[in-house]
Amino acid sequence: MFSFFCKKCNSISYSSSHIRYQNTNRCPYCNAEGLVELSDFRIGEIMVALGYIDRNTLKKCLELQKSVQKMLGQMFIENHYINPDELNHILKIQREAA
């Protein structure tokens, strides 16, 4: 089962097929184009999928996390990648998609 997130209406939809095998990447709820596949429900992967950070930034933060032993969401807030409201939104997506 694959999960998809719509940036426009904040809905999560599901499909048995990968997005590249579907006829359209439109949201089934609002018909907006550009669904994002949530293939991995880790907070960093969701942030990359939603465009908050890129893979290089995620890799750097994961390396830093090992030495400072903080939660990744807290590190993203402290480094001004996201604010607390955005973190709550991302965590909501993570819970709903899992």
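Up top is the structure these notes are about.
So, here is what we can say about the structure in this document. Here the structure is a predicted model, which means the values were calculated and not measured. (Residues numbered from 1 in each chain as written. Predicted model: local features only at pLDDT ≥ 70, side-chain atom pairs only at ≥ 80, totals over all residues. Heavy atoms only, no water.)

1. Remarks on the nonpolar core
Counting 19 residues, the largest nonpolar core has M47, F76 and I93 as its most contacted members. Looking at this core, the elements with two or more residues in it are α1 (43-50), α2 (55-68), α3 (72-78) and α4 (84-97). Contact partners of M47, with chain neighbours within four places excluded, come to Y52, I53, F76, I82 and I90. Residues C6, C27, A32 and L35 belong to the second largest nonpolar core, which totals five residues. (Core = buried A, V, L, I, M, F, W, Y, C linked by side-chain atoms within 4.5 Å. Buried < 20%, exposed > 50% of the residue type's maximum accessible area, 1.4 Å probe, protein only. Helix = DSSP H or I, 4+ residues; strand = E, 2+ residues; numbered from the N terminus. Contact = heavy atoms within 4.5 Å.)

2. Brief notes about the side chain of H18
Along the polypeptide, H18 turns up in the loop between β2 (12-15) and β3 (36-37). The buried category is assigned to H18, whose relative accessible area is 18%. Among residues more than four places away in sequence, those in contact with H18 are F2, F4 and E37.

3. Some thoughts on the side chain of S13
Along the polypeptide, S13 turns up in strand β2. Discounting residues that sit within four places of it in the chain, S13 has contacts with F2, S3, F4, P28, Y29 and L35.

4. Concerning unusual backbone geometry
Positive phi outside glycine occurs at N31, with the angle close to 70°. As for its position among the elements, N31 is in the loop between β2 and β3. Assessed through its relative accessible area of 47%, N31 is described here as partly exposed. For Q69, which is not glycine, the phi dihedral falls at a positive 50°.

5. Some remarks on α1
Judged by how many residues are buried, α1 sits mostly within the fold: six of eight residues are covered. On its buried side, α1 packs onto β1 (2-5), α2, α3 and α4. One or two steps after α1, the chain reaches G51, where phi turns positive at roughly 85°.

6. Digging into the packing of aromatic side chains
To describe a pair of aromatic rings, one takes the distance between the centres and the angle between the planes. On inspection of all chains with the given rule, the structure shows one aromatic pair. Relative to Y81, the ring of F76 lies with its centre 6.0 Å away and its plane at 80°, an arrangement referred to as edge-to-face. You can call Y81 partly exposed: its relative accessible area is 35%. (Phe/Tyr/Trp six-rings, centres within 6.5 Å; stacked < 30°, edge-to-face > 60°.)

7. Let's talk about the pattern of salt bridges
The tally for this structure, following the rule as stated, stands at five salt bridges. With a closest N to O distance of 2.8 Å, E45 and R55 form a salt bridge. Taken as a pair, E45 in helix α1 and R55 in helix α2 lie far apart in primary sequence, 10 residues in all. When its relative accessible area of 22% is taken as the criterion, E45 is described as partly exposed. (Salt bridge = Lys/Arg side-chain N within 4 Å of Asp/Glu carboxyl O.)

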